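Each chain, written out:
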Amino acid sequence: MSKNTEQVEPKPIHLIVAACRNRGIGKNGDMAWHLPNEFQYCLNTITTVQTPGKKNLVIWGRKTSEQFKGDYMPLRNCLVVVLSKTLSSLPMHADFICRDLEDAIQLAHGPSLSQQIETIWVLGGTKSFAGLVTALNHNQIRTIQSGSSYKLMEAEYYLRLDDIREAMKHPLCSRIYFTDVMAHFNCDVFFPELDEDIFKLVEESSDIPSEIQEENGIKYRFRLFAKH
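Note that the coordinates shown come from a computational prediction; the quantities given were computed from them, not determined experimentally. (Residues numbered from 1 in each chain as written. Predicted model: local features only at pLDDT ≥ 70, side-chain atom pairs only at ≥ 80, totals over all residues. Heavy atoms only, no water.)

Draft legend 1. Here's a closer look at the overall build of the protein chain. Regarding its fold elements, the protein chain presents five helices and 11 strands. Out of the 228 residues in the protein chain, the part that is buried amounts to 52%. Counted over contacts in the protein chain with a minimum sequence separation of 6, partners at least 24 positions apart contribute 72%. Accessible area of the protein chain: about 11300 Å², with a carbon and sulfur share of 47%. (Helix = DSSP H or I, 4+ residues; strand = E, 2+ residues; numbered from the N terminus. Buried < 20%, exposed > 50% of the residue type's maximum accessible area, 1.4 Å probe, protein only. Contact = heavy atoms within 4.5 Å. Areas by Shrake-Rupley, 256 points an atom, 1.4 Å probe, with all protein chains shown as cover.)

Listed below in structure tokens is the structure:
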């Protein structure tokens, strides 16, 4: 970071995702299940701040910003960054456009936002998260099912592989909030096994409900992985 931001308090980076028992996270660019309460949990998680008056910085691709609409927007307690190299005007409900993830992280630590931002959330659609965790596992870095999933050429819609790899390696990236959907779904995008040398399951946390949830006949549980 620049000299102007070196003394700024570091902002933690968190990720959030839901996956079913075969580690599928979506099909045809959308969720494979309909769990409104789980989605509300996601919204509550990324919009919660510990200090009144603070905001979270939510980073996502252009496609994800199009999926969050209606009553959900604008997100309370949040500023939204859309990653794009070609957009010249702000999409609806977005506050900033950044060229890549590092620019967005720098923005959160810069003079205009450093006193406002509490937590940085990397939130993607099914496609961007597939690339996100694949990049984490160094022996599995690849493009998943080009044509139905993440592709480098889709940088305008989804997070670039280089951005995602950078996020997972970033020293400020400390947590993954993971919803374990306890059923099998037909998916075309999958969430790879996490590297236990990097992230470890937190057995108990006041941040997430401990009991198994059930909605529309589907059971699921919230889990938290922390970098160690």
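Draft legend 2. Focus on the pattern of salt bridges. Taken as a whole and assessed by the stated rule, the structure comprises three salt bridges. Residue arginine 21 pairs with aspartate 180 through a salt bridge whose shortest N-O separation is 3.2 Å. Here the residue arginine 21 occupies a position in the loop between β1 (13-20) and β2 (24-26), and aspartate 180 occupies one in strand β7 (residues 173-181), the gap between them amounting to 159 residues. On the accessibility criterion, aspartate 180 (6% relative accessible area) is buried. The partner of arginine 175 in a salt bridge is aspartate 207, and the shortest N-O contact between them spans 2.4 Å. Here arginine 175 is found in strand β7, whereas its partner aspartate 207 is found in the loop between β9 (199-202) and β10 (213-215), with 32 residues between them in sequence. Residue classification places arginine 175 among the partly exposed residues on the basis of a relative accessible area of 25%. Residue class for aspartate 207 comes out partly exposed when judged on its relative accessible area of 40%. (Salt bridge = Lys/Arg side-chain N within 4 Å of Asp/Glu carboxyl O.)

Draft legend 3. Quick look at the nonpolar core. By size, the foremost hydrophobic cluster in this structure holds 30 residues, and its most contacted members are Leu57, Ile59, Val81, Ile120 and Ile176. If you list the elements that add at least two residues to this core, you get β1, β3 (55-61), β4 (78-83), α3 (101-109), β6 (117-122) and β7. Among the elements that make up this core, the one with the highest residue count is α3 (five residues). Among the nonpolar cores identified, the runner-up in size contains 28 residues, and Ile16, Trp60, Leu123 and Tyr220 belong to it. (Core = buried A, V, L, I, M, F, W, Y, C linked by side-chain atoms within 4.5 Å.)

Draft legend 4. Here's a closer look at the state of the cysteines. Enumeration over the complete set of coordinates arrives at zero disulfides. Of all cysteine sulfurs, the one in cysteine 187 lies closest to cysteine 20, which takes part in no disulfide; the gap is 4.1 Å. Residue classification places cysteine 20 among the buried positions, given a relative accessible area of 3%. Given the relative accessible area of 8%, cysteine 187 is considered buried. (Disulfide = S-S within 2.5 Å.)

Draft legend 5. Quick look at helix α1 (residues 36-47). Between its terminal C-alpha atoms α1 stretches 16 Å, which fits the 16 Å expected from 12 residues at 1.5 Å a residue. When we look at burial in α1, the residues that qualify are Glu38, Tyr41, Cys42, Leu43, Thr45, Ile46 and Thr47. (Expected span 1.5 Å × (residues − 1).)

Draft legend 6. The side chain of aspartate 100, seen in detail. Within the secondary structure, aspartate 100 sits in the loop between β5 (96-98) and α3. Owing to a relative accessible area of 18%, aspartate 100 belongs among the buried residues under this scheme. A polar contact of 2.8 Å, which involves the side chain of aspartate 100, links it to the backbone nitrogen of aspartate 103. (Polar contact = N/O pair within 3.5 Å; in protein donor to acceptor, adjacent residues only side chain to side chain.)

Draft legend 7. The confidence of the model for the protein chain, seen in detail. This prediction gives the protein chain a mean pLDDT of 77; 72% of its residues lie at or above 70. Mean pLDDT values over the elements of the protein chain span from 43, in helix α4 (residues 126-136), up to 96, in β10. Low confidence marks residues 126-161, where pLDDT is under 50. Its contacts with residues over four positions away, or in another chain, come to 96 contacts. (pLDDT = per-residue confidence, 0-100.)

Draft legend 8. Representation of the environment of isoleucine 46 in the model. Secondary-structure assignment places isoleucine 46 in helix α1. Taking C-alpha positions, isoleucine 46 is 8.4 Å from isoleucine 16, a pair spaced 30 residues apart along the chain. Beyond its immediate stretch of four places on either side in the chain, isoleucine 46 contacts Ile16, Asn56, Val58, Leu75, Cys78, Trp121 and Leu123.

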